[in-house]
Amino acid sequence: MAPTEPGSYVGAMFRFADRVASTLIHLCLGPWVGLAGLTLLSVGLSLTAAFAVTVVGGAFFLALTLWAFNGFARFERARAGALLGVEVAAPVVDPRPHRFGFLGRQLADRSAWRALGYGVLQPVVASLAFSVTIAFWCGGLVGSGLPLYIGLLPQDTARLLIVDVNTGTEVLLTAALGVLGLVAAPFVTLAAGRVDLALNQGLLGRNREAELRQEVVAVSARRNAAVDAADAERRRIERDLHDGAQQRLVSLGMTLGLAREKLDQDPETARSLIEEAHTEAKAAMTELRAIARGIHPAVLDDRGLDAALSALAARSPVPVDIAVALPGRRGINIEGSAYYVVAEALTNIAKHAQATRATVNVFLQGDTVVVQIADDGKGGATLRADGGLEGLRHRVAALGGTLVLNSPVGGPTELIVEFPCES
């Protein structure tokens, strides 16, 4: 509907009236909520002071008070969302356990201390906002209606604060001021609501400093995970080269050396040694190609994750069902890591799981690429600090992803990896 049509103005007026009414309810509740907050603060600090001589008791009641104010903060954020129509985002909470448990976590919780400060300031701000708002509404009603009821007052005189109103001019002037007050009252209500909301957002909402601190911690964790994953990858390549291709190349060199010595004296033996060296060279090339595929297969770049995983499944000694449902390409980092995770998981299944079948599902869930790998083996797999799965977890964490392993003894085993999509 065009904004110039009458219906649009009616709708806008109803929406405006609804905002004013809900804000007015919020402001009327404010002093009572503030009183509840002051009561909570008084009880909490009184108990803290009473048990402060035992130190631990005082710390416990202070932590309990802070915990209670976190609940108070949740209520106030919900009240602002319901009545002011603004969702106040909750502060970021550090998920890591504290060395001193509940006491340490609560006493070190900055958001709880900010909520306690809100409990001190909110009654003052709420009372002032409520008083100013009610003054405009009541003053407007009393002033604008004065001509209607002044004749019912003693001596036809209205006492407004310290001023007596009794003449016709004074009554009309008071009525005009009352009308202006009523006109201004909705806007004053909304302004007072914004002041109250600003206090709510400032002390109970997300703190930019805390967010940046959490972001730095997350980035540092991802950086460390990337370093660990790269180091594990380097050691794996070194091990594969040392145990496989390097040994074959050493054997190849020795065989060719023997063939050179026998070439003039015993051509038949030399020819046999050369054939053996040729076979060894082909085996070394096969192993080098396998190592290269483990790092980053060419088919992944050329034809995508579906083709690369299908080729991987074709080489697996355990039958594997592959299902890839990804619209378009998902970025070289995500596809490379997903391929590596599946390759390592299928290798582990073939070596340890005693499985007869495995499944690999890759799909998009919202803004997340999900890789699910399952087998019907004996289960009992764990995430150990020195295990291969821990290396996978580091590689996934380097991209901001998560790895979850479900492997009860007796099976089945399910590995779920999630990668946030690249922009």
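Scroll up to find the structure this text is about.
As the structure is a computational prediction, the values presented were derived from the model and not from experiment.

Reading the values: rules and limits
Every chain is numbered independently, its residues counted from 1 as its sequence is written. In keeping with the predicted nature of the model, local features appear solely for residues at pLDDT of at least 70, side-chain atom pairs appear and are counted solely at 80 or more, and the whole-chain, interface and lining totals rest on all residues. Computation of side-chain values: all heavy atoms of the structure, hydrogens and water removed. Criterion used throughout: strands pair if DSSP finds at least two bridges between them. Secondary structure counts use DSSP, requiring at least four H or I residues in a row for a helix and at least two E residues in a row for a strand, with both numbered from the N terminus. Structural elements are reduced to axes, namely lines fitted to C-alpha atoms, with helices fitted over the stretch in contact, and the angle between N-to-C directions of any two is expressed from 0 to 180 degrees. Residue contacts are defined here by distance: any two heavy atoms, one from each residue, within 4.5 Å place the two residues in contact. Here, nonpolar core refers to any group of buried Ala, Val, Leu, Ile, Met, Phe, Trp, Tyr and Cys residues whose side-chain atoms link them within 4.5 Å. The cut-offs for exposure are 20% and 50% of the maximum accessible area for each residue type, with area from a 1.4 Å probe on protein chains only; residues under the lower value are buried, those over the upper are exposed, and the others partly exposed. An angle below 35 degrees is read as roughly parallel, one above 145 as roughly antiparallel, one from 65 to 115 as roughly perpendicular, and any other as oblique. If you view the pair so one helix is near and one far, a crossing is left-handed when the near helix is turned anticlockwise from the far one by less than a right angle, and right-handed when it is turned clockwise. Gly is put with the polar residues, along with every residue not named as nonpolar or charged; the nonpolar set is Ala, Val, Leu, Ile, Met, Phe, Trp, Tyr, Cys and Pro, and the charged set is Asp, Glu, Lys and Arg.

J.: Please explain the sheet that holds strand β7 (residues 413-420) as it appears in this structure.
T.: Sheets are built from strands paired through backbone hydrogen bonds, the pairs being either parallel or antiparallel. Taken in spatial order, the 5 strands make up an open sheet running β3-β4-β5-β7-β6, and their pairing is mixed. The two strands at the open ends of the sheet, each matched to only one other strand, are β3 (320-325) and β6 (402-406). Shown here is a sheet whose adjacent strand axes are inclined to one another by a mean of 10°, direction ignored. Relative to the sheet, helix α10 (residues 305-315) contacts β3 and β4 (358-365), its axis offset from that of β3 by approximately 175°. Helix α11 (residues 332-353) contacts β3, β4, β5 (368-375) and β7 of the sheet and is inclined by roughly 10° relative to β5.

J.: What exactly am I supposed to notice about the nonpolar core here?
T.: As a rule of thumb, nonpolar side chains are buried together in soluble globular proteins. Judged by nonpolar contacts, the single largest core of 34 residues is most densely connected at I373, L415 and F419. Among the secondary structure elements, those contributing two or more residues to this core are α10, α11, β4, β5, α12 (388-397), β6 and β7. Top contributing element to this core by residue count: α11, with 11 residues. Residues contacting L415, with those up to four places away along its chain left out, are V341, A345, V371, Q372, I373, L392, L403, V404 and L405. The next biggest cluster of nonpolar side chains, apart from the first, holds 13 residues, and it includes L41, L66, F72 and L116.

J.: I keep staring at the packing of helix α2 (residues 56-84) against helix α4 (residues 110-144) and nothing clicks. Help me out?
T.: Relative placement of two packed helices is described by the angle separating their axes and the distance separating the axes. As a packed pair, α2 and α4 sit with axes 8 Å apart at the nearest point and diverge in direction by 70°. The pairing of α2 with α4 is recorded here as roughly perpendicular in orientation. α4 is crossed by α2, and the crossing has left-handed handedness. Judged by residue contacts, L62, T65, L66, F69, N70, F72, A73, E76 and R79 of α2 engage S111, A112, W113, A115, L116, Y118, G119 and Q122 from α4. A per-class count over the contact of α2 with α4 returns 10 nonpolar, 5 polar and 2 charged.

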